[in-house]
Amino acid sequence: MKILPVNRYSLAETVAGKIAGTLIDGTLKPGSQLPSEREMISQFEISRATLREALKSLEENKLIEARPGVGWFTSDLNAKNVSQAHELARKAAVVSVPAARLAGNEPPTGPRRVPIAPEKPIHIPNLRTDRQGTFEFISWWEREKVASAKVLVVGAGALGNEVIKNLALMGMGNLFIIDFDTIEAANLSRSVLFRESDNQRSKAEVAAARAKAINPQINVQFLNADVTSGLGLGVIRRMDVIIGCLDNREARLAVNRFCYWMNKPWVDGAIQELLGLARVFVPGKGACYECTLTEAAIRDLSLRYSCPLLARQNVLLGKVPTTPTIASIIGGIQSQEALKLIHSMPVEAGKVTHFNGLNNEMHTTAYVPREDCESHWTYGEITELPARAESTTLEDLLRIVRADLGPNAVIELDQELLTSLDCPVCHTSEQIFLPLSQVSFEAGHCAVCGTLRDTVLTHAINGDENFLHRSLASIGVPALHILRANNGQEYRFYELSGDLPEALHFRHFTRTQQEPDTRPVQGRIRIKAESQPAEGHADGATGRIKLRA
Ligand SMILES: [Zn+2]
Ligand SMILES: [Zn+2]
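Residues numbered from 1 in each chain as written. Chains lettered and ligands numbered in written order. Predicted model: local features only at pLDDT ≥ 70, side-chain atom pairs only at ≥ 80, totals over all residues. Heavy atoms only, no water.

### Examining the coordination of the zinc ion (ligand 1)
In this structure, Cys288 (SG), Cys291 (SG), Cys373 (SG) and His376 (NE2) serve as the protein donors to the zinc ion (ligand 1), at separations of 2.0 to 2.3 Å. Positions of the donor residues of the zinc ion (ligand 1), expressed as sequence spacing, correspond to C-x2-C-x81-C-x2-H. Taken as a pair, Cys291 in the loop between strand S10 (275-281) and helix H12 (295-302) and Cys373 in the loop between strand S12 (361-366) and strand S13 (382-385) lie far apart in primary sequence, 82 residues in all. Per residue, the accessibility class of Cys291 equals that of Cys373, and both read buried. (Donors = N, O, S within 2.8 Å, 3.2 Å for Na, K, Ca; no water. Helix = DSSP H or I, 4+ residues; strand = E, 2+ residues; numbered from the N terminus. Buried < 20%, exposed > 50% of the residue type's maximum accessible area, 1.4 Å probe, protein only.)

### Thoughts on the coordination of the zinc ion (ligand 2)
For the zinc ion (ligand 2), the full set of protein donor atoms is Cys423 (SG), Cys426 (SG), Cys446 (SG) and Cys449 (SG), and the range of their distances to it is 2.1 to 2.3 Å. Between the 4 donor atoms coordinating the zinc ion (ligand 2), the angles at the centre fall across 104 to 114°, so the site counts as tetrahedral. Along the chain, the residues donating to the zinc ion (ligand 2) are arranged with the sequence spacing C-x2-C-x19-C-x2-C. Of this pair, Cys426 sits in the loop between strand S14 (410-422) and strand S15 (429-435) while Cys449 sits in the loop between S15 and strand S16 (454-461), placing them 23 residues apart in sequence. Since its relative accessible area comes to 27%, Cys426 is described here as partly exposed. (Tetrahedral: all angles 85-135°; square planar, octahedral: opposite > 155°, others 65-115°.)

### Some remarks on the pattern of salt bridges
Using the criterion set out here, one finds 28 salt bridges in the structure. The salt bridge involving Glu384 is made with Arg237; its shortest N-O contact spans 3.0 Å. With a gap of 147 residues between them, Glu384 in strand S13 and Arg237 in helix H10 (residues 233-237) connect regions that are remote in the sequence. The two residues Glu384 and Arg237 agree in class, both being buried. With its nearest N and O atoms 2.6 Å apart, the salt bridge here joins Glu412 to Arg484. Here Arg484 lies in strand S17 (residues 482-486) and Glu412 lies in strand S14, a separation of 72 residues in the sequence. Note on accessibility: Glu412 and Arg484 belong to one class, buried. (Salt bridge = Lys/Arg side-chain N within 4 Å of Asp/Glu carboxyl O.)

Set out below in structure tokens:
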């Protein structure tokens, strides 16, 4: 790999250089008027101050002159200023934006142009040995950002396959793939990563293995679990982007809330036959997924029915047929949006892009954010406990919580905990201790008489329970989870950071299996929330929250 040394120049110098370049190559004729300041600000994506600085430098070098009230005009290139023009143009040569664009000879490429990256040094990759080399020719591509990115892919079905394939090809450095499902023959028509021999294997595991095979330079990790109850929030907390490749509203709503709580952007995709949509949700920026749901849909999802088990079953019905082609298109858009987020490029947050494959029409519309949306809440400061879900009991956690928040503090659960199923006919009671979403309608029936049993649910631990000796894992709390507690006035957030080495390592399918880092987290560490609460929700820690309460 050969790196050519280049000096770095300010944005203003780069812009001045580009304008000088158009004088030299004749795109701008002497005496012609420059585009308006507003146009140039928009074209170069720079501030007015930067543009003024660039123009001043050109004026000082006698390359342009101001005509008051009219605008800027180019000067003749002559013996006095030609060397200055070349000197300025040389500084801008590190980036290539066609000079024709400045002169207005090139049609605009859309409302948003790729930002100039003057800091990017010229780097000539060796395309024979450098897998990611081609991307070096993309002016804004930042290899380190891509290589260090942490991306969570939720769902490894048709969309997930396309997304994971794209992320691996792009060299997205750390992929975490979660799916609870196993591969069956019908998946093979829409899943580029799966083979016939994979029948009955875990989708997440096979997808992760194939991603690693496509690009051994990336790190992967998989988890066979349902995202609504099986993924610790501490995983989401450490991600840069979350990509939802889901086929049901319940899982989307869960991902949406988790991402809002952790203040992370997520990219949703949905497909049906030849139709599809993609959308980016960024906490605090426009609508979130829950804002897009109708009142009736939210009611369906809140599971407040006489029979919560059946209500959930209905939510999961109505799976839609899809094609590999629409999965490619929408999965492609999703992957690209993630790439933009990794580069901190602008995205259309809170908007939806529909693609209609029947007439190849694509249109983007904005959702209206809902003031009363229950997802709009971001966790505050998170206390990292050296605790683990497997070994920490409810009693242990309650003790820690009450030391901080007083004797009346309670632990709030993310979803209803089904403690038992009681048969109204035989008057038997079966202890369950699983999140409601983990119990099927069939399992709700009495083994003796077949009657659908009554559910006994709780969503808070207040210290009166007769099961305080149980571990957090035994009531369905996932590893590396972040639990919340409140005393009626204040919320506090506690992460089971002792799970970190095992719950988040990105080390699956490494050729030399390294020893997992099993050092316990030392002591109780308080850290600031890694990211600021979303705009408009600065009072996150005292905000309201209701999740199926
Ligand atoms: Zn919302
Ligand atoms: Zn019974």
